[in-house]
Amino acid sequence: MANILRRTFASAAPSTVKIGLIPADGIGKEVIPAARTVLEALNDGPKFDFVNLDAGFEHFQKTGTALPEETLDILKNECNGALFGAVSSPSHKVAGYSSPIVGLRKKLDLYANVRPVASVKSPAFPNQRELDMLIIRENTECLYIKSEREEVDPKTGLKVAWADRKITEYASKRAGTMAFNMALTRQKLREQKPLDKRFWKKNPRVTIVHKSNVMSVTDGLWRETVRAVKEQNPDKYSAVDMEEQLVDSMVYRMFREPEAFDVVVAPNLYGDIISDGAAALVGSLGVVPSANVGDNFVVGEPVHGSAPDIAGKGIANPIAAIRSAGLLLEHLGYTQQALRMYDAVDAVLAEGKVLTPDLGGKSSTTDVVNAVLKNL
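Thresholds applied
- Residues numbered from 1 in each chain as written.
- Predicted model: local features only at pLDDT ≥ 70, side-chain atom pairs only at ≥ 80, totals over all residues.
- Heavy atoms only, no water.
- Helix = DSSP H or I, 4+ residues; strand = E, 2+ residues; numbered from the N terminus.
- Rg over C-alpha atoms; globule rule 2.2 N^0.38 Å.
- Buried < 20%, exposed > 50% of the residue type's maximum accessible area, 1.4 Å probe, protein only.
- Areas by Shrake-Rupley, 256 points an atom, 1.4 Å probe, with all protein chains shown as cover.
- Lys, Arg positive; Asp, Glu negative; His and termini not counted.
- Charge placed at Lys NZ, Arg CZ, Asp CG, Glu CD.
- Patch = residues over 30% accessible without salt bridge, like charges linked within 9 Å, V, L, I, M, F, W, Y side chains within 5 Å.
- Salt bridge = Lys/Arg side-chain N within 4 Å of Asp/Glu carboxyl O.
- Pairing = 2+ DSSP bridges.
- Axes fitted to C-alpha atoms, helices over the stretch in contact; angles between N-to-C directions.
- Contact = heavy atoms within 4.5 Å.
- Expected span 1.5 Å × (residues − 1).
- Phe/Tyr/Trp six-rings, centres within 6.5 Å; stacked < 30°, edge-to-face > 60°.
- pLDDT = per-residue confidence, 0-100.
- Core = buried A, V, L, I, M, F, W, Y, C linked by side-chain atoms within 4.5 Å.
- Right-handed = clockwise from strand over helix to strand, strands pointing away.

Novice: What is the right way to read the overall build of the chain from this model?
Specialist: Within the chain one finds 12 helices and 12 strands. Relative to the 2.2 N^0.38 estimate, which gives 21 Å for 376 residues, the radius of gyration of the chain is 20 Å and therefore close to what a compact globule would have. The dimensions of the chain, computed from C-alpha atoms along their principal axes, are 65 × 55 × 40 Å. The buried share among the 376 residues of the chain stands at 54%. As displayed, the chain offers around 16,600 Å² of accessible surface, 49% of which is attributable to carbon and sulfur atoms. One finds the centroid of the 46 positive side-chain charges in the chain at a distance of 3 Å from the centroid of its 46 negative side-chain charges.

Written out as C-alpha cells, the structure reads:
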C-alpha cells in the first residue's frame with residue numbers, strides 16, 4: 001500500500017503520540033489490541049501512550065449510552081488520533097440508540113472516509129484481479145444524518161416510513177477537494193518509479209459517483225459541486241482526468257474492470273456500499289483499512305463489522321486494523337513507519353501461508369500478528 005494521508009494532512013510529527021483505543025463490539029476487542037501490538041513493535045517510531053475508551057452497542061446495553069461524553073472529551077482534548085474497532089448496531093430500531101461511529105464522525109468533523117483497496121500478488125489468491133483504488137466517501141451527510149420518521153397513511157391505515165437525505169455544497173466540496181488532492185499525491189508517488197514498473201500508467205483520474213439521472217436535486221448538487229473543484233481550479237488540477245459513473249454501473253464496472261479506477265469519490269451511502277463491495281476483489285473485508293479524516297483529527301477504522309459469529313474464537317483477521325493503524329501513523333507524520341507496517345502485512349499476504357479463515361487459511365489472529373511482527 002502506498003502512503004495515503006501524510007502529504008495532504010500531516011504537520012510536524014509529535015515525539016509522543018497518544019492514541020485512543022475504542023475496540024467497541026465483537027471482534028473489535030481482538031483486532032484493536034492486535035494493531036496496538038504491531039505499533040508497539042516499531043522500534044524507530046514515536047513513543048506511544050494508549051488510552052482505552054468506551055463506546056458501542058454493548059456499552060449502550062449496559063449504560064444506556066453508546067458514545068459517552070467522557071470518550072469524546074478525551075479524544076478532543078488529550079489524543080492525537082484514535083483507532084475504532086467495530087460496532088454491532090442492530091438492524092431494528094432500538095429506542096435511544098444511535099451508532100457511535102456515526103456520532104464520532106459528526107462530533108469530530110471527520111468529513112471523509114478514506115479507503116484504499118489494493119491487491120497483493122499471492123499464490124493464495126491465483127484468480128485475484130489487480131487493482132489499486134482509493135475510495136473517498138463523504139462521511140457526514142446523505143441518508144446517514146438519521147432523520148427518519150414513521151406515519152400511518154390515512155387512506156390505507158398502513159405504515160409509511162420516511163428518511164430525509166441531506167447533501168450540501170459545503171460537504172461535497174470538501175470531499176471533492178480531498179479526492180483531487182489525493183489523485184495528485186498518488187501520481188507523485190507513481191512518478192518515483194519507472195513507467196514500466198507502475199500499475200497505473202495513465203493520468204491520475206477522479207471518478208465521481210452519483211445517481212443524478214434519478215435524484216437530480218441532491219445528487220445533482222453533489223455532481224455539480226465535485227465537478228466544480230476541478231473546473232474552478234484548472235491550473236492546479238489540469239493533470240487530473242475527471243469522469244462520472246452512475247452508482248449502479250459503477251458497481252458493474254468495478255467488478256468487470258477494477259483496474260480502470262484510480263480515485264473514486266462518492267456520497268456517504270454509495271461510498272459505503274462501493275467500498276465494501278471492493279473488498280471482495282482483494283479477498284475479504286478483513287484486509288481493507290480506512291481512515292475517518294478531518295482537518296485536525298483522524299480515526300483509523302477497519303472496514304469489517306463486529307462479526308459476532310466469530311467473536312471470541314481468536315480467528316478474526318487483524319490485517320485491516322493493522323493497516324488502519326498505518327493510515328493513522330501517516331496522518332501523524334510517521335510515513336516510514338507506516339510503510340514498514342504496510343510492507344510487513346503485504347509480505348504475509350504475498351507468502352500466503354499464514355492466513356485467517358476468511359482468506360481460506362487456518363491461522364489464528366495471534367498467528368497473523370506474529371507473522372507481521374516477523375516481517376517488520
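Novice: Honestly, a negative patch on the surface in this entry has me stumped. Any pointers?
Specialist: The grouping of D54, E69, E70 and D73 at the surface amounts to a negative patch. As for its position among the elements, D73 is in helix α4 (residues 69-78).

Novice: Teacher, can you tell me more about the pattern of salt bridges here?
Specialist: A side chain of one charge can pair with a side chain of the opposite charge when the charged atoms of the two come close. Applying the stated criterion across every chain yields a total of 23 salt bridges. Note that R227 and E231 form a salt bridge whose closest N and O atoms lie 3.0 Å from each other. Here the residue R227 and the residue E231 both occupy positions in helix α7 (residues 218-231), the gap between them amounting to four residues, near one helical turn. Its relative accessible area of 21% is what places R227 among the partly exposed residues. What emerges from the salt-bridge pattern is a single network uniting D132, R186, R190 and D262.

Novice: Looking at this structure, I do not really get the sheet that holds strand β10 (residues 263-266). What am I missing?
Specialist: By definition, the strands of a sheet pair up through backbone hydrogen bonds, in either a parallel or an antiparallel sense. Overall, mixed pairing links the 10 strands, which are arranged β2-β1-β3-β12-β11-β4-β5-β10-β8-β9 in an open sheet. Where the open sheet ends on each side, the last strands, each with one partner, are β2 (47-52) and β9 (241-246). Averaged over neighbouring strand pairs, the angle between their axes works out to 25° when direction is ignored. Packed on one face of the sheet, helix α2 (residues 28-40) meets β1 (16-24), β2 and β3 (81-86) and runs near 160° to β1. Of the strands in this sheet, β5 (132-138), β8 (205-210), β9 and β10 are in contact with α7, which crosses β8 at around 165°.

Novice: Looking at this structure, I do not really get helix α10 (residues 319-331). What am I missing?
Specialist: Note on helix geometry: an α-helix contains 3.6 residues per turn, so any two residues three or four positions apart are oriented the same way. Here α10 contains 13 residues, and its C-alpha end-to-end distance of 19 Å stays within 8% of the 18 Å for a straight helix at 1.5 Å per residue. Directly beyond the C-terminal end of α10, a positive phi value near 100° is found at G333.

Novice: Just checking my understanding: could you explain the packing of aromatic side chains for this structure?
Specialist: Per the counting criterion, the structure on display carries five aromatic pairs. Arranged with centres 5.5 Å apart and planes meeting at 20°, the rings of F48 and F50 form a pair that is stacked. Looking at F48, the relative accessible area reads 16%, which means it is buried. A ring pair is formed by F57 and Y97, whose centres lie 5.0 Å apart and whose planes are at 85°; its orientation type is edge-to-face.

Novice: Sorry if this is basic, but what is going on with the confidence of the model for the chain here?
Specialist: A low pLDDT score tells you not to read the predicted coordinates there in detail. Residue-level pLDDT values for the chain average 93, and 97% of them are 70 or greater. This stretch, residues 6-10, has a pLDDT under 50; its non-local contacts, to residues over four places away or in other chains, come to 18 contacts.

Novice: Just checking my understanding: could you explain helix α5 (residues 100-107) for this structure?
Specialist: Judged by how many residues are buried, α5 sits mostly within the fold: six of eight residues are covered. Turning to α5, its buried residues number three or more, namely P100, I101, V102, G103, L104 and R105. Contact partners of the buried residues in α5: β1, α4, β3, β4 (112-118), β5 and β11 (291-293).

Novice: In this structure, what is going on with the nonpolar core? I would like to understand it.
Specialist: The tendency in soluble globular proteins is for nonpolar side chains to be buried as a group. Counting 85 residues, the largest nonpolar core has I19, L39, L83, I136, V206, V265 and I274 as the members making the most contacts within it. If sequence neighbours within four positions are ignored, L83 has contacts with I19, G20, L21, I22, I32, A35, L39, V299, G300, S324, A325 and L328.

Novice: Teacher, can you tell me more about unusual backbone geometry here?
Specialist: For residues other than glycine, phi is negative in most cases, and the peptide bonds are mostly trans. Not every positive phi belongs to a glycine, and C142 is a case in point at roughly 65°. At A307, a residue that is not glycine, the phi angle is positive and equals roughly 45°. As for its position among the elements, A307 is in the loop between β12 (298-300) and α10.

Novice: Which parts of the structure should I look at to understand the pairing of β2?
Specialist: On any regular strand, side chains alternate: one points to one face of the sheet, the next to the other face. Sheet topology places β1 next to β2; six bridges connect them, and they run parallel. Among the inter-strand pairings, V17 is bridged to a residue of β2, identified as F48. Note that the unit made of β1, α2 and β2 has a crossover that is right-handed.

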